[in-house]
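Per-entry structural report
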Amino acid sequence: MASESKAVLNVEGMSCMHCVHAVKSALSALNGVGNVDVDLADKKVSVVFNQDQVKIEQIKDAVEQAGYEVK
Ligand SMILES: [Cu+2]
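Predicted model, so just to flag it, every value in this text is computed and none were measured. (Residues numbered from 1 in each chain as written. Predicted model: local features only at pLDDT ≥ 70, side-chain atom pairs only at ≥ 80, totals over all residues. Heavy atoms only, no water.)

Things to note about the coordination of the copper ion
Note on the copper ion: its protein donors are Cys16 (SG) and Cys19 (SG). The metal-donor distances range over 2.0 to 2.1 Å. Judged by relative accessible area, cysteine 16 falls into the partly exposed class, the value being 33%. Residue class for cysteine 19 comes out buried when judged on its relative accessible area of 6%. (Donors = N, O, S within 2.8 Å, 3.2 Å for Na, K, Ca; no water. Buried < 20%, exposed > 50% of the residue type's maximum accessible area, 1.4 Å probe, protein only.)

Structure, rendered in structure tokens:
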């Protein structure tokens, strides 16, 4: 897919599996977001998304609204 992108965000504040789940649910709720992977130890969130449907700013907003800080 030409419009499929992958972004890796540095996210502060995730400390346990509950946080991982919260971030994943917040992102999966967005239209156009595909696979979400969270690396708790590295504080990284990998997101596959369709640029035609969702912008990276919306993805960052969703993480921040879930209560975490995107660096
Ligand atoms: Cu937690």
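The rest of the description comes next.
Regarding the pattern of salt bridges
Evaluation of the coordinates by the stated rule reveals two salt bridges. Between lysine 43 and glutamate 12 there is a salt bridge, with the nearest N and O atoms lying 3.5 Å from each other. One end of the pair, lysine 43, is in the loop between strand 2 (33–39) and strand 3 (44–50); the other, glutamate 12, is in strand 1 (residues 4–12), and 31 residues separate them in sequence. For lysine 43, a relative accessible area of 37% translates into the label partly exposed. Exposure remark for glutamate 12: the relative accessible area of 28% places this residue in the partly exposed category. Residue lysine 71 pairs with glutamate 69 through a salt bridge whose shortest N-O separation is 3.5 Å. Classification of lysine 71 by relative accessible area gives exposed; the value is 59%. (Salt bridge = Lys/Arg side-chain N within 4 Å of Asp/Glu carboxyl O. Helix = DSSP H or I, 4+ residues; strand = E, 2+ residues; numbered from the N terminus.)

The quantities given are spatial measurements derived from coordinates; they are silent on function.
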